[in-house]
Structures are given as structure tokens and as C-alpha cells.
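Fold and contact review
Single-letter residue listing:
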Amino acid sequence: MASYVFVFVVLVLASTKAFASDPSQLQDFCVADNTTKVFVNGVVCKNPAHVNADDFFFSGLDKPFDTKNALGSKVTPVNVNNLFGLNTLGISLVRVDFARHGLNPPHTHPRATEVLTLLQGKLYVGFVTSNPPKLFSKILNKGDVFVFPEGLIHFQLNIGRENAVAIAALSSQNPGVITVADAVLGSSPAIKDNVLEKAFQVDKKVVDYLKSQFWTDSN
Ligand SMILES: *[C@@H]1O[C@H](CO)[C@@H](O)[C@H](O)[C@H]1NC(C)=O
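Keep in mind that this is a model prediction, so the values were computed, not measured.

All right, on to the sheet that holds strand β7 (residues 145–148) then. If you walk across this open sheet you meet the five strands as β1-β2-β9-β4-β7, and the pairing is antiparallel. Each edge of the open sheet is held by one strand with a lone partner, namely β1 (73–78) and β7. The average undirected angle you get between the axes of adjacent strands in this sheet is 20 degrees. The pairing of strand β2 (residues 92–98) with strand β9 (residues 164–170) spans seven bridges and is classified as antiparallel. Within β9, the residue paired with Asp97 across the bridge is Val165.

This is how it looks when you write it as C-alpha cells:
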């Protein structure tokens, strides 16, 4: 009997993981109440009687964002942190602006799959699988769509002659971003040199040089 229960629990857990990214809905909506100090997995719901259309509305993705930084790119998110109506809905989006040669550097979203539509320009994009690392890459032109599966490291580089603009949807209200270079070389406090020397198979001088760079994050 106990083993049947165990198998049942394992199957339920497995199917939950297969179907859901963020938790599923138990009511029409649960607009985030950013005034509460209660910590839950997600954000506490605002009283539905006080919810209005503006809780589901965001404006301002029509114009280019400033890409004057070391990477030449800018990611502008619309997620539960600035569109409270997204709370518990399991979805969000970003606008990504690229200057010429601009790069959205290798990064991963720990909680979301991403589907990107290129609105303007030409991008070299790709993601790498879990070990053994295999690269899937593609050149995108205007109107092309590419998927970056949940948790995998991916990037986008502008290889066109003009600025590029993309809109990407993400399967979480709060996808999170881990930028590889920043995480490994720019953490606070820093990871000890001997860890990085061994990991990258380089000497201390190279590690110190890399750590001394200004790790910028366009996300
Ligand atoms: C809650 O969100 C509103 C609207 O974006 C903002 O004006 C306010 O400062 C936020 N309050 C807190 C405590 O974050």
C-alpha cells in the first residue's frame, strides 16, 4: 500500500512539473498588493473590490530605450514588479533594444522559457543545452521567432547594419535573470580566486584581470 501511495505522489509531482511553470490560478486574478510586508511565494492579492483596469495596463514600450552601455543593449521588463495584474498568471514580457553590434550577453532565466520575436534588424541568437553543452543557434531576420527553453544559457547579438528591436514573452510572472559573466566574476562578495582559477584553468593574473572589469548588466 505504502509503495502505491509513493508512486502516486511521484506521478502527481511529475505531472505538476510537466504542466505548470508558475502556480496555476484558483480565481480570476490576484493583482499584486505591493503595500503588504507579508512574504509568500509570489505576491499577496490586492482586495478585488479595489482592482481596476490600470492594474492590468502598462504603457511605454513604443519607443527605443537607451543602449549606451558597454554591451550596447537594454532589456526592459514588464513583469509582476511593474504590472501587478500579472501576479499568479505565469507570464511576462521584455522589450530588448540593441545598438549596432549590441549584445544581450549569455544569461539564463531560472523560472521561464522565452519566445522571442524580432521586430526589426538582424540577430545571431542561440542557447546551450545542459551537459554535454551543445549550441543551437540561428540568424534571425525581421518577423522571425526563436525559443529559448527554460533554464538554458542563451544570448542575442545584433549582426545587422541598424538597431534591432525584439519583444520576448516569458513563462513566469517573475522569470529572474542570471547573467553568466556577472554571476561568476562580479558577485558580491567575490568568489575566491582559486575556485575561478581551477574552474577556468587559468592563472591568478587572468582571474584578477577578469574580476577587475566593470561587469555590466543590460537586464
Ligand atoms: C507600489 O506601487 C506604486 C505604483 O507603481 C508605487 O507608486 C508605490 O511607490 C509602490 N509602493 C511600494 C511600497 O513599493
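Turning to the sheet that holds strand β3 (residues 103–108), a few remarks are in order. Read across the sheet, five strands follow the order β6-β5-β8-β3-β10 without closing on themselves; strand pairing throughout is antiparallel. Strand pairing shows two members of the sheet lacking a second neighbour, β6 (135–141) and β10 (178–179), which therefore form its edges. Bridging between β3 and strand β8 (residues 153–158) involves three bridges; their strand directions are antiparallel. For Leu103, the partnering residue across the bridge sits in β8 and is Leu157.

With that settled, the discussion passes to the side chain of Gln156. As for its placement among the helices and strands, Gln156 is situated in strand β8. The residues contacting Gln156, other than those within four sequence positions of it, are Phe98, Gly102, Leu103, Asn104, Glu114, Leu116, Leu123, Tyr124, Val125 and Phe148.

Moving on, we come to the nonpolar core. Grouped together as the largest cluster of nonpolar side chains are 18 residues, with contacts concentrated most on Leu116 and Leu123. Counting residues per element, the ones that place at least two in this core are β2, β4 (114–120), β5 (122–128), β7 and β9. In terms of residue count, the dominant contributor to this core is β9 (four residues). Not counting residues within four places of it along the chain, the set of residues in contact with Leu116 comprises Leu123, Leu140, Asp144, Val145, Phe146, Phe148, Gln156, Ala166, Ile167 and Ala168.

Calculation rules
- Residues numbered from 1 in each chain as written.
- Predicted model: local features only at pLDDT ≥ 70, side-chain atom pairs only at ≥ 80, totals over all residues.
- Heavy atoms only, no water.
- Pairing = 2+ DSSP bridges.
- Helix = DSSP H or I, 4+ residues; strand = E, 2+ residues; numbered from the N terminus.
- Axes fitted to C-alpha atoms, helices over the stretch in contact; angles between N-to-C directions.
- Contact = heavy atoms within 4.5 Å.
- Core = buried A, V, L, I, M, F, W, Y, C linked by side-chain atoms within 4.5 Å.
- Buried < 20%, exposed > 50% of the residue type's maximum accessible area, 1.4 Å probe, protein only.

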